[in-house]
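Coordinate analysis (summary)
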Number of protein chains: 2
Amino acid sequence: MKHLIVYAHPNPDSFNHAVLETAVHALKKKGHEVVVRDLYGIDFEPVLKPEDTAAMKAGQTPGDIRTEQEYIAQADAITFIYPIWWTGMPAILKGYVDRVFSYGFAYAYGEAGIDKLLQGKKGLILNTHGTPKEIYDQIGMTEGLKLTSDTGIFEFTGIEPVAHLLFGSVPSAGEAALKEILKQVEDTVNTVF
Amino acid sequence: MKHLIVYAHPNPDSFNHAVLETAVHALKKKGHEVVVRDLYGIDFEPVLKPEDTAAMKAGQTPGDIRTEQEYIAQADAITFIYPIWWTGMPAILKGYVDRVFSYGFAYAYGEAGIDKLLQGKKGLILNTHGTPKEIYDQIGMTEGLKLTSDTGIFEFTGIEPVAHLLFGSVPSAGEAALKEILKQVEDTVNTVF
């Protein structure tokens, strides 16, 4: 299988980076191909501009968007790894979706409604957040976070969400708890792919 | 009352701009003060960088962040106007929250948990989206969108959400329907403030 991992964290020493390394290692061990797009690392431009929309309408997709679309087109599975900030994605990843998942590439309006142009691909999301998991579960935030990513982005374009792990209390977690999270990441990658 | 309106749409001819004009006009008619921060207009930088975090930890908030924080500090009410893209905010607005609602300005960790540092302010959100309202209501997305903005951003920092209007099917709406939306915006502004 060919994997694309889209990773968004500003700090290379972060726990999210350990999640990334664990996922990459587990996938490669299974013999899968892995491409990582580190959005901070490539200094991805996240603001969808009127010029982008005009260029795409004229059939001339801007180069940086086309590059990312080619990685998506070649992937059998797409994994997003990011910290939950303000109950959403870091802006650099939100802007990746705003710009790269464009009309005509990720979806289109067909005769029978939305044409989901990324069908056949699998989607995985790995998140950390500061709030305890119990609180997010209790107030419906865990469900809200899944709706605004798995449903609103992946399913809208035909990507099948195979798992979405949300790890709470990460900034205050001890070493054993963090190790357990990485074990869960490894187990999930091994199970769903 | 002093109002801050944070507006995020790339196109000055958009219906979101008409929503903005309607809100500004209604507030000024009531004799309120209004400041508009047009994030595309000021080319706001949305990516929270390690340098930002380091500078803020050292007590030296970057100039562009400090400017926006001063507008927030002076406001009695904060209104966000934006189109729902991919069941979230446009990246430029998400990054405004990521960078401007910083630790020590919008919230802090106190002895009894989170200190909500923006208490006493009111919050209003005005959104457009393409999907019909009935579908978003039915699948829980309307609730998910409120959780990931009113709850996750405004309430987390102590801002009291006074209303959140989500208008569906906007791209396909006729002139009468759009006029009715602007009427609802005007009525809401007149009622909640």
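Above this note sits the structure.
None of the values given here were measured: they were computed from a predicted structure. (Residues numbered from 1 in each chain as written. Chains lettered and ligands numbered in written order. Predicted model: local features only at pLDDT ≥ 70, side-chain atom pairs only at ≥ 80, totals over all residues. Heavy atoms only, no water.)

The next point concerns the sheet that holds strand 2 (residues 33-38) of chain A. Residue and element names in this part refer to chain A. Spatially, the 5 strands line up as an open sheet ordered 2-1-3-6-7, and their pairing is parallel. The sheet is open, and its two borders are formed by strand 2 and strand 7 (160-167), each paired with just one other strand. With direction set aside, neighbouring strand axes in the sheet form an average angle of 15°. Its contacts with the sheet put helix 4 (residues 91-100) on strand 1 (2-7) and strand 3 (77-83), and the angle it makes with strand 3 is roughly 150°. Across the face of the sheet, helix 6 (residues 141-154) comes into contact with strand 3, strand 6 (122-128) and strand 7 while running at roughly 150° to strand 7. (Pairing = 2+ DSSP bridges. Helix = DSSP H or I, 4+ residues; strand = E, 2+ residues; numbered from the N terminus. Axes fitted to C-alpha atoms, helices over the stretch in contact; angles between N-to-C directions. Contact = heavy atoms within 4.5 Å.)

This paragraph deals with the interface of chain A and chain B. Contact residues are listed per partner, giving 35 residues for chain A and 35 residues for chain B. Where chain A meets chain B, there are 0 salt bridges. Remark: the boundary between chain A and chain B carries 10 residue pairs in polar contact (both at pLDDT 80 or more). Secondary-structure elements contributing two or more residues to the side of chain A that touches chain B are helix 4 and helix 6 of chain A. Element by element, the count of residues in the side of chain A that touches chain B is highest for helix 6 of chain A, at 9 residues. (Salt bridge = Lys/Arg side-chain N within 4 Å of Asp/Glu carboxyl O. Polar contact = N/O pair within 3.5 Å; in protein donor to acceptor, adjacent residues only side chain to side chain.)

What the rule picks out here adds up to 14 salt bridges over all chains. Across the salt bridge formed by Asp-64 of chain B and Arg-99 of chain B, the nearest N and O atoms sit 2.8 Å from each other. Pair noted here: Asp-64 of chain B is in helix 3 (residues 63-74) and Arg-99 of chain B is in helix 4 (residues 91-100), with a separation of 35 residues, a long-range link. Given a relative accessible area of 29%, Asp-64 of chain B falls into the partly exposed group. Given a relative accessible area of 3%, Arg-99 of chain B falls into the buried group. Among the ionic contacts, a cluster of salt bridges with common partners joins Asp-52, Asp-64 and Arg-99 of chain A. (Buried < 20%, exposed > 50% of the residue type's maximum accessible area, 1.4 Å probe, protein only.)

Moving on: the nonpolar core. Formed by 76 residues in total, the largest nonpolar core has its most connected members in Phe-80, Tyr-96 and Phe-101 of chain A together with Phe-80, Tyr-96 and Phe-101 of chain B. With residues up to four places along the chain from it excluded, the contact list for Phe-80 of chain A reads Val-6, Met-89, Leu-93, Tyr-96, Val-97, Phe-101, Leu-124, Ile-125, Leu-126 and Phe-154 of chain A. Core analysis: the second largest hydrophobic core is formed by 24 residues, Ile-5, Val-24, Ala-77 and Phe-167 of chain B among them. (Core = buried A, V, L, I, M, F, W, Y, C linked by side-chain atoms within 4.5 Å.)

What follows is about a negative patch on the surface. Side chains of Asp-43 and Glu-45 of chain A together with Asp-43 and Glu-45 of chain B sit close together on the surface and give a patch of like negative charge. With respect to the element layout, Asp-43 of chain B can be found in the loop between strand 2 (33-38) and helix 2 (50-57). (Patch = residues over 30% accessible without salt bridge, like charges linked within 9 Å, V, L, I, M, F, W, Y side chains within 5 Å. Areas by Shrake-Rupley, 256 points an atom, 1.4 Å probe, with all protein chains shown as cover. Lys, Arg positive; Asp, Glu negative; His and termini not counted. Charge placed at Lys NZ, Arg CZ, Asp CG, Glu CD.)

In screw terms, the move from chain A to chain B is a rotation of 180° and a rise of 0.0 Å along the axis, fitting with an RMSD of 0.0 Å. With respect to symmetry, the two chain copies, as superposed, fit the operation of a two-fold axis. Ranked by how close their C-alpha atoms come to the rotation axis, the residues of chain A are headed by Gly-144 of chain A, at 2.1 Å. (Least-squares fit on C-alpha atoms with pLDDT ≥ 70 in both.)

Each aromatic ring pair is characterised by the separation of its centres together with the angle its planes make. Within the structure shown, the criterion is met by 24 aromatic pairs over all chains. Relative to Phe-156 of chain B, the ring of Trp-86 of chain A has its centre 5.6 Å away and its plane inclined at 85°; by these criteria the two rings are edge-to-face. Residue Trp-86 of chain A is found in the loop between strand 3 and helix 4, and its partner Phe-156 of chain B is found in the loop between helix 6 (141-154) and strand 7 (160-167); the two belong to separate chains. The class of Trp-86 of chain A is buried, set by a relative accessible area of 13%. Pairing Tyr-103 of chain B with Tyr-107 of chain B gives two aromatic rings, centres 5.3 Å apart and planes at 85°, and the pair type is edge-to-face. For Tyr-103 of chain B, a relative accessible area of 45% puts it in the partly exposed group. Feature note: the residues Phe-44, Phe-80, Tyr-96, Phe-101, Tyr-103, Tyr-107, Tyr-109, Phe-154 and Phe-156 of chain A together with Trp-86 of chain B constitute an aromatic cluster, connected by ring pairs. (Phe/Tyr/Trp six-rings, centres within 6.5 Å; stacked < 30°, edge-to-face > 60°.)

Let us look at the packing of helix 3 of chain B against helix 4 of chain B. All names here are of chain B. Orientation of helix 3 relative to helix 4, taken along the N-to-C sense of each, is 90°, at an axis distance of 10 Å. The angle between helix 3 and helix 4 falls in the class roughly perpendicular. Judged by residue contacts, Asp-64, Ile-65, Glu-68, Gln-69 and Ile-72 of helix 3 engage Tyr-96, Arg-99 and Val-100 from helix 4. Counted by class, the contact of helix 3 with helix 4 contains 4 nonpolar, 1 polar and 3 charged residues. (Parallel < 35°, antiparallel > 145°, perpendicular 65-115°, else oblique. Nonpolar A, V, L, I, M, F, W, Y, C, P; charged D, E, K, R; others polar.)

The next thing to look at is helix 6 of chain A. Taking 1.5 Å of rise per residue, 14 residues should cover 20 Å, and helix 6 of chain A covers 18 Å from first to last C-alpha, within 8% of that figure. Where helix 6 of chain A bends most, the angle comes to about 30°, and this point is Leu-147 of chain A. Those residues of helix 6 of chain A that fall on the buried side of the exposure criterion are Met-141, Thr-142, Gly-144, Leu-145, Leu-147, Thr-148, Ser-149, Asp-150, Gly-152, Ile-153 and Phe-154 of chain A. Tucked into the core, helix 6 of chain A has its buried residues touching strand 3, helix 4, strand 6, helix 5 (133-138) and strand 7 of chain A together with helix 6 of chain B. (Expected span 1.5 Å × (residues − 1). Bend = angle between axes of the 7 residues up to and from the residue.)

Without other data, these values stay purely geometric and don't point to any function.
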